[in-house]
Amino acid sequence: MKVGIVGVGFMGTAHAEAWAATDAKLVGFAAENTDAAGSLASLYGKQIFSDLDAMLPHVGVVDICTPTHLHYDMVLQAAAAGKHVICEKPLAR
């Protein structure tokens, strides 16, 4: 299972640590601010994607850890691409 995390704040960091403890393959992180993603990607030796669109072809599971107001559209985008979706709560406002 290839997993990509969208968002590299507190929850993205917590989810990365959790995924790293499983048999899943963490592929990388999507973030608007690629500088912020750099330390997390470096810690796990993973790729940085500029946005969700760039990450979608490389993963089977999208783990959404962005601010709440972004969840709804990202969940729909990942689902429309045929990906499994895990979304930090709440799903939407």
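Refer to the structure presented above.
Report follows, based on the coordinates. Because the structure is a prediction, the values reported are computed rather than measured.

**Overview of the environment of valine 85**
Okay, step 1: One can find valine 85 in strand β5 (residues 84–87).
Okay, step 2: Those residues in contact with valine 85 that lie beyond four places of it in its chain are Val62, Ile64, Val75, Ala78 and Ala79.

**As for the environment of leucine 76**
Okay, step 1: Following the sequence through the fold, leucine 76 ends up in helix α4 (residues 68–80).
Okay, step 2: As a C-alpha pair, leucine 76 and leucine 43 span 33 residues in sequence and 29 Å in three-dimensional space.

**Considerations on the side chain of threonine 66**
Okay, step 1: Its location among the elements puts threonine 66 in the loop between β4 (61–64) and α4.
Okay, step 2: By relative accessible area, which is 11% here, threonine 66 ends up buried.
Okay, step 3: Not counting residues within four places of it along the chain, the set of residues in contact with threonine 66 comprises Val6, Gly7, His71 and Met74.

**Let's talk about helix α2 (residues 34–44)**
Okay, step 1: Taken together, the buried positions of α2 are Ala37, Leu40 and Ala41. Buried residues of α2 fall within an arc of 100° about the axis and therefore sit on the same side. In α2, the exposed positions angled more than 90 degrees off the buried face are occupied by Asp35, Ser39, Ser42 and Leu43.
Okay, step 2: On its buried face, α2 sits against α1 (10–20), β2 (25–30) and β3 (47–49).
Okay, step 3: Structurally, the start of α2 carries an N-cap: the backbone nitrogen of aspartate 35 is 3.0 Å from a side-chain oxygen of asparagine 33.

**So, the nonpolar core**
Okay, step 1: Within the largest apolar cluster, 14 residues are counted, with the highest numbers of intra-cluster contacts made by Val3, Ile5, Val8, Ala16, Trp19, Leu26 and Phe29.
Okay, step 2: Within the residue set of this core, elements represented by two or more residues are β1 (2–6), α1, β2 and α2.
Okay, step 3: No other element matches α2, which puts three residues into this core.
Okay, step 4: Excluding its chain neighbours within four sequence positions, the residues that come into contact with leucine 26 are Val3, Ile5, Ala16, Tyr44 and Lys46.
Okay, step 5: Counting 13 residues, the second-largest nonpolar core is a separate cluster that includes Val6, Phe49, Met55 and Val75.

Each value, and the rule that gives it
- Residues numbered from 1 in each chain as written.
- Predicted model: local features only at pLDDT ≥ 70, side-chain atom pairs only at ≥ 80, totals over all residues.
- Heavy atoms only, no water.
- Helix = DSSP H or I, 4+ residues; strand = E, 2+ residues; numbered from the N terminus.
- Contact = heavy atoms within 4.5 Å.
- Buried < 20%, exposed > 50% of the residue type's maximum accessible area, 1.4 Å probe, protein only.
- Arc of directions from axis to C-beta.
- Polar contact = N/O pair within 3.5 Å; in protein donor to acceptor, adjacent residues only side chain to side chain.
- Core = buried A, V, L, I, M, F, W, Y, C linked by side-chain atoms within 4.5 Å.

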